[in-house]
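# Report on the structure
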Amino acid sequence: MKRNLLDLDARALTDFFNEIGEKSFRSGQVLRWIHQSGTTDFEQMTDLSHALRSKLAQCAVVDSPQCVSASEASDGTRKWLLSVGKDNAIETVFMPEVNRGTLCVSSQVGCALECAFCATGRQGFNRNLTTAEIIGQLWWATRKLSREPEWARLERDDADRPGRDNADRPISNVVMMGMGEPLTNFDNVVRAMQIMLDDHAYGLSRRKVTLSTAGIVPAIDRLREECPVALAISLHAPNDRLRDELVPINRKYSLRQLLAACQRYVDPLLGDDIPGVKWERKGAPRDFVTFEYIMLDGVNDGVQHARELVALTRDVPGKFNLIPFNSFAESGFQRSPDSRVRAFRDVLIAAGLVATVRRTRGDDIDGACGQLAGRVRDRRNRRTDRKPGIGRSLAEGRA
Ligand code: SAH
């Protein structure tokens, strides 16, 4: 079996070169060819010797997921369906903005968490993505966009424009907010993020890579130790009773445990106190956590919920991102009316918190938050109490 070099971060690539009797510095060279030049053909890696090039052709490949379909929304959002074999496919979404371009990356084929309001959870779960399949989404999208005239032009025009870093790249930010729960695929996700941060590859700063989680508490601590990037928490409810229903992983890790982990994450000093933890010199990537809160009409969007939320998160430096619910077939939930979203936001702001309403992107191509379904061969026994009507009964209970 040939080794897929997209699976390897700098450390693993160095090990690989040592294994085949080559010097460690080859790792940086080859990372640049693969990730910065988008090269898959070892023959084109002209600063490697002929002997090494043919050795690599014998024992290695650069193999990314293949695009099977593409769509573009009226707001410019692009969605790609990438095949990962055996009739499974995942989705990757690109959101261009004036000063940045964000890629939303998937971490699993489907998702096992069954959050009540999420289309991915409804699809079931097949497997974790490999490192190559995760970084392959960024690799593929970067290559695809840089070959389009619109983005090639942007590269030129933007070269001197202040305020745009990574000016030579259409993708300036990555969010691990696609299909799946990234922290239940920890090793592969971290290895892929190391490649995103690596100056020989994408060179993104820790602030420009965001990982979103439903709240796998022990993995949040591990992330802080191994690869601290910007952290977003899918909070969605201000108390355990409601969160147990909306985000079932809450039955395992309660809000109290989750918020304590958030506090540890943004407080690097605390990390020094934990024996055996080597806190990164670079410190925390951001000094706050982003709390994502989906607005479900009549379920979690009342001003009393907002007040509860203020009290709940009092001790954690956080910013709130209110997400209008994006509907999908038989979700059973409704999007909160704008007036309710504003009233909710105003309670947070009056309490001195930062709260913004997320602009919905790409919903006309089912590319918005919670709408990614891909193609998932479900391999799991579903929980029996997860009925499509749960949203309706929650809303009625609170009406
Ligand atoms: N499993 C991770 C990564 C997914 S991120 C997590 O839960 O954070 C996707 C974000 O979109 C999460 O905040 C998720 O809760 C939210 N989301 C899910 N379904 C949604 C929907 N139908 N409408 C709007 N946001 C949704």
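Just above sits the structure.
Residues numbered from 1 in each chain as written. Predicted model: local features only at pLDDT ≥ 70, side-chain atom pairs only at ≥ 80, totals over all residues. Heavy atoms only, no water.

### Here's the deal with the overall build of the protein chain
The number of helices and strands found in the protein chain is 14 helices and 14 strands. By the burial criterion, 55% of the 399 residues in the protein chain qualify as buried. Put simply, of all contacts in the protein chain between residues at least 6 apart along the chain, 69% involve residues at least 24 apart. Accessible surface, the protein chain as shown: approximately 17600 Å² in total, 47% of it carbon and sulfur. (Helix = DSSP H or I, 4+ residues; strand = E, 2+ residues; numbered from the N terminus. Buried < 20%, exposed > 50% of the residue type's maximum accessible area, 1.4 Å probe, protein only. Contact = heavy atoms within 4.5 Å. Areas by Shrake-Rupley, 256 points an atom, 1.4 Å probe, with all protein chains shown as cover.)

### Quick look at the sheet that holds strand β5 (residues 89-96)
Strand order in the open sheet made by the ten strands is β3-β4-β5-β6-β9-β10-β11-β12-β13-β14, with mixed pairing throughout. Whereas interior strands pair on both sides, the edge strands pair on one side only; in this sheet they are β3 (66-72) and β14 (354-357). Strand after strand, the sheet turns through a mean of 20 degrees between neighbouring axes, direction not considered. Pairing between strand β10 (residues 209-213) and strand β11 (residues 230-234): four bridges, direction parallel. In the sheet register, Thr210 faces β11, and the bridge partner there is Ala230. (Pairing = 2+ DSSP bridges. Axes fitted to C-alpha atoms, helices over the stretch in contact; angles between N-to-C directions.)

### Observations concerning the nonpolar core
Residues Phe117, Met193, Met196, Leu223 and Leu246 are the most contacted members of the largest nonpolar core, which totals 110 residues. Shared between two domains, this core holds at least three residues of each, these being domain 1 (3-61) and domain 2 (66-395). Setting aside its immediate chain neighbours within four residues, Phe117 contacts His236, Leu246, Val247, Ile294, Leu296, Phe325, Phe328 and Phe333. (Core = buried A, V, L, I, M, F, W, Y, C linked by side-chain atoms within 4.5 Å. Domains from an automatic or database assignment.)

### Some words on the site of the ligand
Around the ligand, 21 residues are found, and the nearest of them are Phe117, Ser212, Ser234, His236 and Asn326. In this structure, Gly180 approaches the ligand through a main-chain N or O atom, which is 3.0 Å from a nitrogen atom. At a separation of 3.3 Å, an oxygen atom of the ligand approaches a polar backbone atom of Thr213. Compared with its free state, where it exposes 530 Å², the ligand has 95% of that area covered by protein. By residue class, the composition of the shell around the ligand is eleven nonpolar, eight polar and two charged. (Near = heavy atom within 4 Å. Polar contact = N/O pair within 3.5 Å; in protein donor to acceptor, adjacent residues only side chain to side chain. Nonpolar A, V, L, I, M, F, W, Y, C, P; charged D, E, K, R; others polar.)

### Re the pattern of salt bridges
Summed over the entire model, instances satisfying the criterion amount to 21 salt bridges. Between Glu22 and Arg26 there is a salt bridge, with the nearest N and O atoms lying 4.0 Å from each other. By relative accessible area, Arg26 is classed as buried at 15%. Between Asp221 and Arg224 there is a salt bridge, and its shortest N-O distance comes to 3.9 Å. Within this pair, Asp221 and its partner Arg224 are both found in helix α8 (residues 217-226), separated by three residues, close to a single helical turn. Since its relative accessible area comes to 15%, Asp221 is described here as buried. (Salt bridge = Lys/Arg side-chain N within 4 Å of Asp/Glu carboxyl O.)

### Points about the packing of helix α5 (residues 131-146) against helix α7 (residues 186-197)
Remark: α5 packs on α7, axes separated minimally by 8 Å, with the N-to-C direction vectors making an angle of 35 degrees. The interaxial crossing formed by α5 with α7 has right-handed handedness. Counted together, Thr131, Ile134, Ile135 and Leu138 of α5 and Asn188, Val189, Arg191, Ala192, Ile195 and Met196 of α7 form the full contact between these two elements. (Left-handed = near helix turned anticlockwise from the far one by under 90°.)

### Things to note about the pairing of β11
β11 sits mainly inside the fold: five of its five residues count as buried. With α8 bridging β10 and its parallel neighbour β11, the resulting β-α-β unit is right-handed. Inspection of the sheet shows β11 paired to strand β12 (residues 289-295) by three bridges, in the parallel sense. Each residue of the ladder has a partner; that of Ala232, found in β12, is Thr290. (Right-handed = clockwise from strand over helix to strand, strands pointing away.)

### With respect to helix α13 (residues 338-350)
Given a rise of 1.5 Å per residue, 13 residues ought to cover 18 Å, and the 18 Å separating the end C-alpha atoms of α13 matches this to within 8%. What α13 keeps buried is the set Val341, Phe344, Val347 and Leu348. Along the long axis of α13, the arc covered by the buried residues comes to 125 degrees, so they all point the same way. When the buried face of α13 is taken as reference, the exposed residues oriented beyond 90 degrees from it are Asp338 and Ala350. (Expected span 1.5 Å × (residues − 1). Arc of directions from axis to C-beta.)

### Points about the packing of aromatic side chains
By the definition in use, this model includes six aromatic pairs. Geometrically, the ring pair formed by Tyr293 and Phe344 is tilted, given 5.0 Å between the ring centres and 35 degrees between the ring planes. Within this pair, whereas Tyr293 is found in strand β12, its partner Phe344 is found in helix α13, the two being separated by 51 residues in sequence. Overall, the relative accessible area of 0% leaves Phe344 in the buried class. Across from the ring centre of Phe288, 4.1 Å away, lies the NZ or CZ of Lys319, which sits over that ring. (Phe/Tyr/Trp six-rings, centres within 6.5 Å; stacked < 30°, edge-to-face > 60°. Lys NZ or Arg CZ within 6 Å of the ring centre and 35° of its normal.)

### Considerations on unusual backbone geometry
Backbone geometry at Asp87 places phi at a positive 65 degrees, although glycine is not the residue there. Exposure remark for Asp87: the relative accessible area of 37% places this residue in the partly exposed category.

### Overview of the state of the cysteines
Scanning the model with the defined rule gives zero disulfides in all. With no disulfide partner, Cys118 has as its closest neighbouring cysteine sulfur the one in Cys115, 6.4 Å distant. (Disulfide = S-S within 2.5 Å.)

### What about the environment of Ser107?
You can see Ser107 is positioned in the loop between β6 (101-104) and β7 (108-110). Of the residues examined, Ser107 reaches a relative accessible area of 2% and is grouped as buried. As for Ser107 and Leu183, which are separated by 76 residues in sequence, their C-alpha atoms are 8.9 Å apart. Dropping the residues within four chain positions of it, Ser107 is found in contact with Asn128, Leu129, Ile134, Met176, Met179, Gly180, Glu181, Pro182, Asn185 and Val189.

### Notes on the pairing of β6
The two faces of β6 match: Gly101 and Leu103 on one face and Thr102 and Cys104 on the other face are all buried. Hairpin connection, β5 to β6: the antiparallel pair is bridged by four residues. With three bridges connecting them, β6 and strand β9 (residues 173-176) associate as parallel partners. The residue of β9 that forms the bridge with Leu103 is Val174.

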